[in-house]
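# Descriptive structure summary
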Amino acid sequence: MRMLVTGGAGFIGSHLARRLAAEGAQVVVADDFSSGAWTNLVGFKGDVATCDVAADPALLRRLGPFAVIFHEASITDTTVMDQRKMMHNNVEGFRNILDAALEWRSRVVWASSAATYGRLPAPNRESQEPAPLNVYGYSKLAMERLAEQVRPRLAWPIVGLRYFNVYGPGEDHKGRFASMIHQLAKQMLAGRRPRIFIDGEQKRDFVHIDDVVEANLLAAKSRESGVFNVGSGSAATFNRVVLELNRVLHTSLPPDYIENPYDFFQTWTEADLTRSREILGYNPKVDLAGGIDAYFASGKLGK
Ligand SMILES: NC(=O)c1ccc[n+]([C@@H]2O[C@H](COP(=O)([O-])OP(=O)(O)OC[C@H]3O[C@@H](n4cnc5c(N)ncnc54)[C@H](O)[C@@H]3O)[C@@H](O)[C@H]2O)c1
């Protein structure tokens, strides 16, 4: 079966592309290499197209048809304030993907974000009225609304996945947008105290990449359209992350608490997984300690 993974040079897309190929699919990666890393694709043996899905719909069309499209391509720097750039890349890119899916009769699974929740009280449920705090979160909300408009004309259910804080090997290229698990480990491996915002009690739902890949595979078989939370289902504080990292790295570095410069910072995110469990059959398996152990064992934690 032919499958397209957009954003396949990125963190999540490259894991997905390798997994789909390992399961026997004929996978094409489309990525404009604006933020991804070719190093993520060294083990991937399929076709890699250098394609900006927002700017080059003609090349996108030449790659098809595909039975399934996994759309991960996006600007993932959440501090980009250039509205035109963010909206064009994320929303118009998605519009091109949906146009192609209509023509090819493809299934579409695509990446939304927990950023659509903003500061809404946790645990976050899909029924909450979205309240993004930045244009990145708004672009994902606009994509959700676009998907809803196109849904009746698509051949198959379309599923958007609201990822929470994904972590695991292959995210180093994301720099300060890599997971805090990776960033703090990097500081600690350099012998520095881990810098976190005062008072370290902010909570995040950290979800391991293996669970996120699994959620995508389940979404590709969903009988229902919609947007679904993809998290671990529980939140951990940054202080707890530092504890786990000290354990696995055999260090004893206390947090270095710093002022928070962001006015759009989420203080507590946590996925309510009721709908994802019921409708997609999603059942995350990796807890924080186990996920950090596995990351360390991969040799890529903080590297
Ligand atoms: N990692 C997380 O914690 C997280 C959380 C919520 C949502 N998401 C979403 O998941 C998806 C994957 O994120 P990631 O963490 O792998 O980020 P990433 O930056 O590693 O991957 C995104 C990829 O998309 C590519 N890209 C960007 N614009 C493109 C375009 N117009 N055409 C083709 N390729 C383009 C980039 O080069 C990059 O390889 C994104 O849609 C992101 O918004 C991620």
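To keep things clear, this report deals only with the structure shown in the data block. In this text the structure is predicted, and so the values were computed from the model without any measurement. (Residues numbered from 1 in each chain as written. Predicted model: local features only at pLDDT ≥ 70, side-chain atom pairs only at ≥ 80, totals over all residues. Heavy atoms only, no water.)

## Some words on the site of the ligand
Put simply, the rule is: Here a residue counts as near a molecule or strand whenever at least one of its heavy atoms sits within 4 Å of it. For the purposes of these results, a polar contact is taken to be a pair of N or O atoms within 3.5 Å, where, inside protein, one atom must be able to donate a hydrogen and its partner to accept one; residues adjacent in sequence count only when each atom of the pair is a side-chain atom. Strands are runs of DSSP state E lasting at least two residues, helices are runs of H or I lasting at least four, and both sets are numbered from the N terminus onward. Residues were grouped as follows: Ala, Val, Leu, Ile, Met, Phe, Trp, Tyr, Cys and Pro as nonpolar; Asp, Glu, Lys and Arg as charged; and all remaining residues, including Gly, as polar. Residue ranges assigned to each domain were obtained from an automatic or database domain assignment.
Looking at the ligand, there are 31 residues lining it, with Asp 31, Thr 76, Tyr 136, His 173 and Lys 174 nearest. Here an oxygen atom of the ligand and a backbone polar atom of Ser 35 are 3.0 Å apart. The element that contributes the greatest number of residues to the shell around the ligand is strand E5 (residues 107-113), accounting for three residues. Its residues placed into classes, the shell around the ligand shows 13 nonpolar, twelve polar and six charged. Of the residues that make up the shell around the ligand, three or more belong to each of domain 1 (2-164 + 208-230) and domain 2 (166-205 + 234-272 + 285-297).

## What about the packing of helix H3 (residues 83-104) against helix H4 (residues 135-150)?
What counts, and what does not: In this analysis, axes come from line fits to C-alpha atoms, helices being fitted only over the stretch in contact, and the angle between any two N-to-C directions falls in the range 0 to 180 degrees. Any angle between 65 and 115 degrees counts as roughly perpendicular, while under 35 counts as roughly parallel, over 145 as roughly antiparallel, and the rest as oblique. Left-handed describes a crossing in which the near helix is turned anticlockwise from the far one by less than a right angle; the clockwise case is right-handed. Residues are treated as being in contact if the distance between any of their heavy atoms lies within 4.5 Å.
Viewed as axis vectors pointing N to C, H3 and H4 meet at an angle of 20 degrees, and their least axial separation amounts to 9 Å. For the element pair H3 / H4, the angle class is roughly parallel. For the element pair H3 and H4, the recorded crossing hand is right-handed. Residue-level contacts link Gln 83, Met 86, Met 87, Asn 90, Val 91, Phe 94, Arg 95, Leu 98 and Leu 102 of H3 to Val 135, Tyr 136, Tyr 138, Ser 139, Ala 142, Met 143, Leu 146, Ala 147 and Val 150 of H4. Class assignment of the residues belonging to the contact of H3 with H4 gives a composition of 14 nonpolar, three polar and one charged.

## Brief notes about the nonpolar core
For the record, the criterion: Side-chain atoms within 4.5 Å link the members of a nonpolar core, which is a set of buried Ala, Val, Leu, Ile, Met, Phe, Trp, Tyr and Cys residues. Only protein chains enter the accessibility calculation, which uses a 1.4 Å probe. A residue is then buried if its area is under 20% of the maximum for its type, exposed if over 50%, and partly exposed in between.
By size, the foremost hydrophobic cluster in this structure holds 39 residues, and its most contacted members are Leu 20, Phe 70, Leu 161, Tyr 163 and Val 166. Among the elements of the structure, strand E1 (2-6), helix H1 (11-22), strand E2 (26-31), strand E4 (68-71), E5, strand E6 (158-163), helix H6 (209-219) and strand E11 (226-230) are those that each provide at least two residues to this core. When neighbours within four sequence positions are excluded, Phe 70 is seen to be in contact with Met 3, Leu 4, Val 5, Thr 6, Leu 16, Leu 20, Val 109, Asn 216 and Ala 220. Listed in part, the 29 residues of the second largest apolar core include Leu 59, Leu 63, Leu 98 and Val 227.

## Description of helix H7 (residues 238-249)
Quick note on the threshold: Any helix carries an expected span of 1.5 Å times its number of residues minus one.
Its twelve residues give H7 an end-to-end C-alpha distance of 16 Å, which sits within 8% of 16 Å, the value for a rise of 1.5 Å per residue. Here H7 lies mainly inside the structure; nine of its twelve residues are buried. Here H7 has its buried residues at Phe 238, Asn 239, Val 241, Val 242, Glu 244, Leu 245, Asn 246, Val 248 and Leu 249. Downstream of H7 by one or two residues, His 250 has phi in the positive range, about 55 degrees.

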